[in-house]
Amino acid sequence: MKMGKGIYRISAVLILSLSLLVSGCGGGGKKQADSNSSEQAEQKKISFWAAAVTPERNQFFEEIIKEFEEQNPDIKVDFLGVPGDLSAYQQKVNVAIAADQAPDIMNDFKADLISRDVLEPLDEYLAAWEDKDLISQETLESNRKLDTKEGKLYALPYSSQTWNLWVRPDWFKEAGLELPDTWPDFFEAVEKLTDKSRDHYGLSIRGGAGSANTLEMLMYSYSGITEYFTADGKATINDPLHTEFVEQYLGAYNVYTPEDDLNKGWSELAATFQSDKAAIVVHNLGSASSHEKAFDGDRNKFAAIPFPQSVKGYREHPGLMPLGLTMSKSAEHKDAVWKFMTFYLSHDINSRYSELYGEIPANKDAAADDWVQNVPYMKSASDLLNNPETKFADTPYYLPGYGNVQKEVEPMIQKVMAKQMTAQEMLDEWARLLMEEKESYEQSNS
Amino acid sequence: MNKRPIWSKIGSKLLFYIPLALTMIFVLLPFLWAISTSLKRESDVISSKIQYIPSPATLDNFVKVWTQNNFSTYFYNSLLVSLISVVAITVLSIMNGYAMSRFKFRGKGAFMLVLLATQMMPVILFIIPLFLIFKNLGLINSPFSLVLFYIVSQVPFNTILMRGFISGTPKEIDEAAMVDGAGRLRIIFSIITPIVLPGIVATGAFAFIGVWNEFLVAFSFVTTPDRFTIPIGLKFMIGEFSVEYASLAAGSIIGLIPPVLLFMYIQRYLIQGLGGGAVKG
Amino acid sequence: MAATRLAQNEKPLYKKKRGWKKSDGWLPYVLIAPTFFLIVGVMVFPIFRVFDLSFQSYDFTRLKEAGYIGLENFRNIFFHDKLFPGTVGITVKWVVLEVVLQLVLGLIVALLLNETFKLRGLVRSLVLVPWAVSGVLTTMLWSLMYNQHIGVINDLLKRLGIIHENIAWLANTHTVFGSVVIAELWRGIPFFAITLLAALQSIPREVYESCEVDGAGKARKLFYITLPYLKETIVFTTLLRAIWEFNSIDMIFTMTNGGPMDMTTTLPIYMMKTSILEGNYGYGSAIGVVTFLFLMIFVILYLWLNKAGGMQDE
């Protein structure tokens, strides 16, 4: 009996200590929360998560947060920059949202966040803001488009991102070619600049994560089609012009491109370009600072040019991707959050941010800054956006499943590259997925 | 007459040394290549001319990775989480192992199933409900949420191992001790435990390496950089330097050092320890 | 207590046995209680939640349709999902290849390391080290070597005259699966080598000696003594390893993202993409439930073999 008691006692102690471990820490956590709320009067804590952060970007965020906290000693910003692929960031955010612990501020603005009822509308905050006129009207509009029903603003825009080709001017010069302005020129250059014996390729295609997005933007700029859906609801993505383009573009794979393009994501594509393997890659200006570093600022070795003119003769750019800072409904100190957001949009900060990210500032004063006009690739981007001749596609960023459709198409794109599927089959399937998504969206909104 | 034994001797030597050499090459090549890459300049790494011995060799990549990342903080966090988890896992495994090897009881099979059921779904599906549980306990962003989860996920395998080790010890030891008036707990913790010590080192090592390398749960539950563990730091580093292969290699080597050192130190116990359990289990 | 001991002193042998069972009937329950309650506390809700979600439509991008839909998810998985049969095939191929190769090669390595030779301690340590390397790090090390342009594997094979053009190991449809399998073998073989080596060391010398008297050859010794001795270890390790390889995500995902063309998308990777990356938790959970039931067969087999192999105590 005594023996038994001993065991019982010790087991009890063990269980107790384990549960103490749990509840003790639990208590600790709560205590912390309590002390936070008692400190409320002195310091408001807000949290800010940023996606796709590089070391330079992280440093930038830490700097501006320090400046902000110095100006606003009553606010403390908890910053978390998640580097690498977006999937890591999305996973983390999804978990936090499911537990009602979404970060107060996020910089990855997607339609599904609206349909999941995570975000706080910002219209009233904006209306009451004295500097509201400084924010470019186009960016506000493109963000409002994500709420097709009421057109509310769910993210304060900070910039516009443009697509472009990154090219090697030195290679073009050596081969006696002009930088391409039409698609036939483009494909001719791709062919002529390929020299496998030197491990030189005319092109590098993004075949891995993000491939569908790039291909989609290229297709529409090739065809010049601006409507994603016809009046009777048919998707235009499998238009014959797109088939023609895909056959030629993806047909270049492993002929004028490296074999490992098949599963290249952005960073591998950048590595290919920066290690003198490819004459042309497709991306946005966000990679400018990385190229500057890799090529030691030698502008003979990298330049950004707009997508070639469409076969219809005008230049088409994808619809401006909604970009902005969002405020979560669950945020405790919404005024502090808004204060940080407006700080983020102030002339100086917005200018520094956009220069680092290679984007056109949403703050009009910042957009007029010297660097936008002086850096050649920034100027060409800003000219492209401001040119009244430029047409924009009505890219359906508002579909909550828009990104998922692209993810589903990606393996099919690889199949087309590997000649296991025809471009037509792939595009027909893509069209079906898009229409299905649109239908489901319209049903849920009716 | 004389030649045959010599030939067969050489033959059996070759039969031994060739596979051994191949094994060594297979195992060591990734390490050696990572070391070589980490000592190169970034421009030498991406050049089409492949260098085996870096020239010039440089330690810059290590300095860069170490100073840009907060590896010392991550190291401390990892150590804290791992040590607490390993102690708890070991104690619980001994208790379970003893119960399962010494007693017949109703529900033993069911308990075994419960243990194994915890291993049968990818953890990734559990993340959100686990997050809710730990949120209710006030344990989000606390190392103890990780500790609790690691205990639950590592105890099953270690219990099964420990059961084997304890079964390997003769029951007469317990009986003799009981005759001397020892309580059951004394038997478990001061008589059986020393006998199966190598086994305990083995399970401890399994648990340690499992916990030390865990990424998914740590990444999901930790929300501020000051609480990051080493695997999160490494994953973030991949994101940061994905184009910079030399830095990436340097970071990998830094990440490899602790488990490799630990492993080299304990491997002899590991082999002795597992022998008792696995066979007689 | 006093009474028990008295009884034991009087009739030690007989009473001891009875006292053993009688007074300790509840003892094993006390010993396993902490673990049991911890598992219940931490795991029951998540597992229940996965089962619950598997009967629902729950998709972040289609929340308006959320709600219970009976067996619809399962019907879709088995009858309409074009990807599912393929992923099951890939998973089975992956698990069988990994477990069999790890076992066979691990056994060879264990036999080699069990011999006496110079520097054995060092060699053992080095050979077994990959087991301590995490999946993410394995990816980093191997991706560096597989790289089409700057990887050491292409260079070595070219120097040896085996290939003439660089191969994109992880992008080539013929090589990608094998490449991932090899990288996983790299850290899996040591696991088997360790366990089998440990088991080898506990085979009593006398057994071999008596065999040598009979003049048995090396191969005979291996098949008639060593392997039967290792049987239990092998049963034990292969089944646990099978469960782990089945559920392994980290290395495949970081190395190939499941591609190209879903050629490396195993069931758990498919599940992770559906639920975590695309936000379709209902469907993803249903795949998780299918996985669970599938693995349950493994475990029942395991328990059954356990008994058959005489591993059950007493």
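Within each chain, residues carry numbers counting from 1 in the order of the written sequence. For this description, chains carry letters from A and ligands carry numbers from 1, given in the order in which they are written. Restriction of local features to residues with pLDDT of at least 70 applies here, the model being predicted, together with a cutoff of 80 or more for giving and counting side-chain atom pairs; totals for whole chains, interfaces and linings are based on all residues. The basis for every side-chain value is the complete set of heavy atoms in the structure, and neither hydrogens nor water enter the calculation.

An unreviewed UniProt entry lists chain C under the name Sugar ABC transporter permease, with Paenibacillus haidiansis given as the organism. The UniProt entry for chain C carries the following comment under Subcellular location (unreviewed entry): "Cell membrane". What UniProt states about chain C under its Sequence similarities (unreviewed entry) heading is, verbatim, "Belongs to the binding-protein-dependent transport system permease family." UniProt positions are given in the numbering used here, feature names are shortened, and annotations may be inferred rather than shown by experiment.

The name given to chain A in an unreviewed UniProt entry is Sugar ABC transporter substrate-binding protein, with the source organism recorded as Paenibacillus haidiansis.

Caption draft 1: View of the overall build of chain C. Within chain C one finds 14 helices and two strands. Each residue is placed in one exposure class: buried if its accessible area under a 1.4 Å probe, protein chains only, is under 20% of its type's maximum, exposed if it is over 50%, and partly exposed if it falls in between. Residues classed as buried in chain C amount to 58% of the 314 residues present. Throughout, a contact is declared for two residues whenever any of their heavy atoms are within 4.5 Å. Restricting to contacts in chain C with at least 6 residues of sequence separation, those with at least 24 account for 66%. Accessible surface for chain C amounts to roughly 13600 Å². Of this, 66% is attributable to carbon and sulfur atoms. Secondary structure follows DSSP: runs of H or I at least 4 residues long count as helices, runs of E at least 2 residues long count as strands, and numbering of each begins at the N terminus. To be clear on the numbers: accessible area is Shrake-Rupley with a 1.4 Å probe, and residue cover counts the displayed protein chains and nothing else.

Caption draft 2: Fine view of the interface of chain C and chain B. Opposite the 100 residues of chain C that make contact, chain B presents 98 residues. Summing both sides of the interface, chain C and chain B together bury roughly 9300 Å²; the carbon and sulfur share of this comes to 80%. For the side of chain C that touches chain B, the element with the highest residue contribution is helix H3 (residues 27–54) of chain C, accounting for 19 residues. Of the residues assigned to the side of chain C that touches chain B, the class counts are 66 nonpolar, 22 polar and 12 charged. Two parts lose some accessible area (1.4 Å probe) when they are put together, and adding that loss for both gives the buried area. Residue type decides the class: Asp, Glu, Lys and Arg count as charged, Ala, Val, Leu, Ile, Met, Phe, Trp, Tyr, Cys and Pro as nonpolar, and the leftover types, Gly among them, as polar.

Caption draft 3: Spatial organisation of the domain arrangement of chain A. Residues and elements named next belong to chain A. Under the domain assignment used here, chain A contains domain 1 (43–161 + 321–392) and domain 2 (163–319 + 399–444). The distance between the C-alpha centroids of domain 1 and domain 2 comes to 27 Å. The interface of domain 1 with domain 2 comprises 24 residues on the first partner and 24 residues on the second. Both sides together, the interface formed by domain 1 and domain 2 hides about 1900 Å², and carbon and sulfur atoms give 57% of it. Counting the surface domain 1 buries against domain 2, the share from its top three residues, Tyr-377, Lys-391 and Phe-392, is 35%. Throughout this description, the term salt bridge denotes a Lys or Arg side-chain nitrogen within 4 Å of a carboxyl oxygen of Asp or Glu. Inspection of the region where domain 1 meets domain 2 yields zero salt bridges. N or O atoms closer than or at 3.5 Å make up a polar contact, with two conditions inside protein: a donor-capable atom paired with an acceptor-capable one, and, for residues adjacent in sequence, both atoms drawn from side chains. Taken together, the connections running from domain 1 to domain 2 amount to six residue pairs in polar contact (both at pLDDT 80 or more). For the side of domain 1 that touches domain 2, the secondary-structure elements that each account for two or more residues are helix H2 (55–71), helix H4 (111–115), helix H14 (347–357), helix H17 (376–386) and strand S12 (391–392). Here the side of domain 1 that touches domain 2 gets six residues from one element, more than from any other, and that element is H17. As annotated, the domain borders come from an automatic or database domain assignment.

Caption draft 4: Representation of the packing of aromatic side chains within the structure. Aromatic pairing here means that ring centres of Phe, Tyr or Trp (its six-membered ring) are within 6.5 Å. Orientation follows from the plane angle: under 30 degrees is stacked, over 60 is edge-to-face, and everything else is tilted. Applying the stated criterion to the full structure yields 64 aromatic pairs over all chains. With a centroid separation of 5.1 Å and an interplanar angle of 35 degrees, the aromatic rings of Phe-61 of chain A and Phe-79 of chain A are classed as tilted. Pair noted here: Phe-61 of chain A is in helix H2 and Phe-79 of chain A is in strand S2 (residues 75–82), with a separation of 18 residues, a long-range link. Assigned by exposure class, Phe-61 of chain A and Phe-79 of chain A land together as buried. We count a charge as sitting over a ring when the NZ of a lysine or the CZ of an arginine lies within 6 Å of the ring centre and within 35 degrees of the ring normal. The positively charged end of Lys-438 of chain A is found above the aromatic ring belonging to Phe-229 of chain A, 4.8 Å away from the centroid. Lying over the aromatic face of Phe-191 of chain C, Arg-241 of chain C brings its terminal NZ or CZ to 4.8 Å of the ring centre.

Caption draft 5: Examining the interface of chain C and chain A more closely. The interface of chain C with chain A comprises 32 residues on the first partner and 40 residues on the second. A buried area of about 3200 Å², summed over both sides, lies between chain C and chain A, and 58% of it is on carbon and sulfur atoms. Seen at the junction of chain C and chain A, the total is zero salt bridges. Among the secondary structure elements, those contributing two or more residues to the side of chain C that touches chain A are H3 and helix H13 (267–277) of chain C. Among the elements that line the side of chain C that touches chain A, the one with the most residues is H3 of chain C, at four residues. The class makeup of the residues in the side of chain C that touches chain A is 18 nonpolar, eight polar and six charged.

Caption draft 6: Quick peek at the packing of H2 of chain A against helix H13 (residues 334–344) of chain A. All names here are of chain A. In this analysis, axes come from line fits to C-alpha atoms, helices being fitted only over the stretch in contact, and the angle between any two N-to-C directions falls in the range 0 to 180 degrees. At a minimum axis distance of 11 Å, the contact between H2 and H13 shows a crossing angle of 120 degrees. When the axis of H2 is compared with that of H13, the two are oblique. By crossing handedness, the relation of H2 to H13 is classed as right-handed. The residues of H13 that touch H2, namely those facing Phe-61, Ile-64, Ile-65, Glu-67, Phe-68 and Gln-71, are Ala-336, Lys-339, Phe-340, Phe-343 and Tyr-344. Of the residues contributing to the contact of H2 with H13, the split by class is eight nonpolar, one polar and two charged. Geometric relationships in this document are graded by angle, where less than 35 degrees denotes roughly parallel, more than 145 denotes roughly antiparallel, 65 to 115 denotes roughly perpendicular, and other angles denote oblique. Crossing handedness is read from the near helix: turned anticlockwise from the far helix by less than a right angle, it gives a left-handed crossing, and turned clockwise, a right-handed one.

Caption draft 7: Layout of a negative patch on the surface. Side chains of Glu-130, Asp-131, Asp-133 and Asp-365 of chain A sit close together on the surface and give a patch of like negative charge. Residue placement: Asp-133 of chain A occurs in the loop between helix H5 (123–127) and helix H6 (137–144). Patch rule: a residue counts if its relative accessible area is over 30% and it has no salt bridge; like charges are joined within 9 Å, and nonpolar side chains (Val, Leu, Ile, Met, Phe, Trp, Tyr) within 5 Å. Only four residue types enter the tally: Lys and Arg on the positive side, Asp and Glu on the negative side, with His and both chain ends excluded. For the purpose of locating charges, the reference atoms are NZ of Lys, CZ of Arg, CG of Asp and CD of Glu.

Caption draft 8: Structural context of the pattern of salt bridges. Residue and element names in this part refer to chain A. Scanning all chains against the criterion turns up 30 salt bridges over all chains. Residue Asp-78 pairs with Lys-76 through a salt bridge whose shortest N-O separation is 3.6 Å. The exposure class of Lys-76 is partly exposed, given its relative accessible area of 28%. The shortest N-O distance in the salt bridge between Arg-168 and Asp-276 comes to 2.7 Å.

Caption draft 9: Region of interest: the pairing of strand S6 (residues 163–167) of chain A. Residue and element names in this part refer to chain A. Of all five residues that make up S6, five are buried, and the element is covered over most of its length. On S6, burial covers both faces: Trp-163, Leu-165 and Val-167 on one face and Asn-164 and Trp-166 on the other are all buried. For S6 and strand S7 (residues 280–284), the ladder comprises five bridges, and the chain directions are antiparallel. Note on S7: the bridge partner recorded for Asn-164 is His-283. Think of it this way: DSSP has to see at least two bridges between two strands before they count as a pair. As paired elements, S6 and strand S8 (residues 303–305) share three bridges and run antiparallel to each other. Looking across to S8, one finds that Val-167 is bridged to Ala-303.

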